[in-house]
Amino acid sequence: MGPVVQNDDNRGCSQRSCRGGRTGVRRDRGRTGIRGALLVLALSALASGCAGGGGGGGAVRPAPGQQPRKAAPPQAPAARALHAYAGRLRAAQQARVAAARRWGLRGVPLTPPAPPAHKPEITTRKGFEVDDHEELGLPPVFTTVPTDDRVVFLTVDDGAEKDPAFLRMMNELKVPYTAFLSNYLIKDDYGYFKKMRDLGVTLNNHTLHHPYLPALSYARQKREICGMQEVMRERFGERPALFRPPYGNYDQDTLRAAKSCGVRYAPLWDEEVFADHWEYREADQDLHPGDIVLTHFRGRGDWKGTMPGMVRRFLDKVTAKGYAVARLEDYL
Ligand SMILES: [Zn+2]
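Computed from a predicted structure; not experimentally measured.

Criteria and thresholds
Residues numbered from 1 in each chain as written. Predicted model: local features only at pLDDT ≥ 70, side-chain atom pairs only at ≥ 80, totals over all residues. Heavy atoms only, no water. pLDDT = per-residue confidence, 0-100. Contact = heavy atoms within 4.5 Å. 1 Å grid on protein atoms, 1.4 Å probe; cavity = no way out; pocket = protein on both sides within 12 Å on 5 of 7 lines; lining within 4 Å. Points joined across faces, edges and corners; volume = space filled by probe spheres on them. Buried < 20%, exposed > 50% of the residue type's maximum accessible area, 1.4 Å probe, protein only. Helix = DSSP H or I, 4+ residues; strand = E, 2+ residues; numbered from the N terminus. Arc of directions from axis to C-beta. Core = buried A, V, L, I, M, F, W, Y, C linked by side-chain atoms within 4.5 Å. Axes fitted to C-alpha atoms, helices over the stretch in contact; angles between N-to-C directions. Parallel < 35°, antiparallel > 145°, perpendicular 65-115°, else oblique. Left-handed = near helix turned anticlockwise from the far one by under 90°. Donors = N, O, S within 2.8 Å, 3.2 Å for Na, K, Ca; no water. Nonpolar A, V, L, I, M, F, W, Y, C, P; charged D, E, K, R; others polar. Polar contact = N/O pair within 3.5 Å; in protein donor to acceptor, adjacent residues only side chain to side chain.

A. Structural context of the confidence of the model for the chain. Put simply, the chain has an average pLDDT of 84, and 78% of its residues get 70 or more. Counting contacts from residues 1-33, a segment whose pLDDT is below 50, to residues more than four positions away or on other chains yields 65 contacts. The low-confidence segment residues 45-62 (pLDDT under 50) makes 28 contacts with residues lying over four places distant or belonging to another chain.

Here it is as structure tokens:
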């Protein structure tokens, strides 16, 4: 799902001025489906000036002393819906610009493309397989989602810091992220994460106690992973489809246990962002389309900064490099 659009503002646009503007401002990638096509049309409508806030950019305005031209016939319902959509897009973008300024970002975060109509095939990264990984149908372990979209995915782990400013910032900026939670860190305040869920964030499994899993028997691993599935269901209403092993360490037992209680994917990460620096997995020390970025719920007690400060560092780099932040679940 794309950013939540809150404003239905559609004022100041004459019917006439909204018709016929066909400036192609965006190429359809041919894979974004109806919503993508709508977006293209809506952006065309925007470019035509119909959403220009009452000025009727490029519209037929009579010169002084001249008779106004005859009104165009009323808009068809489809055109009106399209026009309303363009208005909502414009309002959403204005809100994003204002939020970026308020939170001290260097640039406005880029809007991700519509979720892919055909989901990419997720396979385990080479070298990350366990014995009989595919034969047993175990959840794929991956660090990047195969896509040509210029997007990265933000994942936030553990759950120690519960900063209300982080929830406000991400919601106002409409930047999606995915949380991986460990019960021993969140159980003193499930309410914080309920709020997060209610804001549209998917909450996922990061075990009960954050152990180094390969040191544990199959039965104990299963307790850690499947026990957390139950906590998530009880507290947040759903058993997650995503599980991330603590420290990124796992063995075949881990993935077998995870599969046994409904886990379908085991995403790791390609970069990690801290309050004061980045760390990369690849030799080129750079971002790539589809990269999963890891960070943590941490505050001043754990690192030299705050959650909003970390997000600022993350977004400033991602935006400067021409990437948008997309929702991981939309690609799975
Ligand atoms: Zn962790």
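There's more to say after this.
B. How the structure looks around the layout of surface pockets. Looking at the second largest pocket, its volume works out to about 320 Å³. In terms of lining residues, the second largest pocket is bounded by 16 residues, among which Thr 202, Leu 203, Asn 204, Glu 238 and Pro 240 are the most central.

C. Structural view of helix 5 (residues 190-198). Within helix 5 the residues assigned to the buried category are Tyr 190, Tyr 192, Phe 193 and Met 196. Taken around the axis of helix 5, the buried residues stretch over an arc of 155°, which confines them to a single face. Residues Lys 195 and Asp 198 are exposed on helix 5 and point more than 90 degrees away from its buried face. Tucked inside the fold, the buried residues of helix 5 contact helix 3 (164-173), strand 3 (178-181), helix 4 (183-186), strand 4 (202-205) and helix 6 (218-236). Just downstream of helix 5, Gly 200 is the residue with a positive phi angle, here 100°.

D. Quick peek at the nonpolar core. By size, the foremost hydrophobic cluster in this structure holds 46 residues, and its most contacted members are Phe 166, Leu 181, Met 196 and Phe 314. If near-sequence neighbours (up to four positions away) are discounted, Phe 314 is found in contact with Val 152, Leu 154, Val 273, Trp 278, Val 293 and Val 325. Core analysis: the second largest hydrophobic core is formed by 24 residues, Leu 138, Phe 142, Trp 269 and Ala 326 among them.

E. Up close: the packing of helix 6 against helix 7 (residues 252-260). Two numbers describe how helix 6 lies on helix 7: the axes approach to 9 Å, and their chain directions differ by 45°. Our classification of the angle between helix 6 and helix 7 gives oblique. As helix 6 packs across helix 7, the resulting crossing turns out to be right-handed. Contact residues: Tyr 218, Gln 221, Lys 222, Ile 225 and Cys 226 in helix 6; Asp 253, Thr 254, Arg 256, Ala 257, Ala 258 and Ser 260 in helix 7.

F. Representation of the coordination of the zinc ion in the model. Only Asp 158 (OD), His 206 (NE2) and His 210 (NE2) from the protein coordinate the zinc ion, and they sit 2.1 Å from it. Along the chain, the residues donating to the zinc ion fall in the pattern D-x47-H-x3-H. With respect to class, His 206 is no different from His 210; both count as buried.

G. Fine view of empty space enclosed by the protein. Scanning the model with the defined rule gives one cavity of 30 Å³ or more in all. Roughly 30 Å³ of internal volume is contained in the largest cavity. Around the largest cavity, the lining residues are Arg 96, Pro 109, Leu 110, Val 175, Leu 315, Thr 319, Tyr 323, Ala 324 and Val 325. Every element with two or more residues in the lining of the largest cavity is listed here: helix 8 (307-320) and strand 9 (324-326). In terms of residue class, the lining of the largest cavity is built from seven nonpolar, one polar and one charged.

H. Looking closely at the environment of Pro 289. The topology assignment puts Pro 289 in the loop between strand 7 (278-280) and strand 8 (291-296). In the structure, Pro 289 is positioned 35 residues away from Ala 324 in sequence and 9.6 Å away in space, judged by C-alpha atoms. If sequence neighbours within four positions are ignored, Pro 289 has contacts with Thr 144, Val 145, Thr 147, Asp 148, Asp 149, Val 151 and Tyr 323.

I. Structural context of helix 3. Those residues of helix 3 that sit buried are Ala 165, Phe 166, Leu 167, Met 169, Met 170 and Leu 173. Its buried side turned inward, helix 3 meets helix 2 (77-102), strand 2 (151-158), helix 5 and helix 8. Its side-chain oxygen placed 2.8 Å from the backbone nitrogen of Ala 165, Asp 163 serves as the N-cap of helix 3. Just downstream of helix 3 lies Lys 174, where phi reads positive at about 60°.

J. Broad picture of the side chain of His 206. Secondary-structure assignment places His 206 in the loop between strand 4 and helix 6. Here Asp 158 takes part through its side chain, which lies 3.0 Å from a polar atom of the side chain of His 206. Beyond its immediate chain neighbours, meaning those up to four positions away, His 206 contacts Asp 157, Asp 158, Phe 180, Leu 181, Ser 182, Met 228, Arg 244, Pro 245 and Pro 246.

K. Geometry of the environment of His 277. With respect to the helices and strands, the residue His 277 is situated in the loop between strand 6 (271-273) and strand 7. Each C-alpha atom, one on His 277 and one on Met 310, is 8.9 Å from the other, the two residues being 33 residues apart in sequence. Ignoring sequence-local partners within four residues, the contact set of His 277 consists of Glu 272 and Arg 313.

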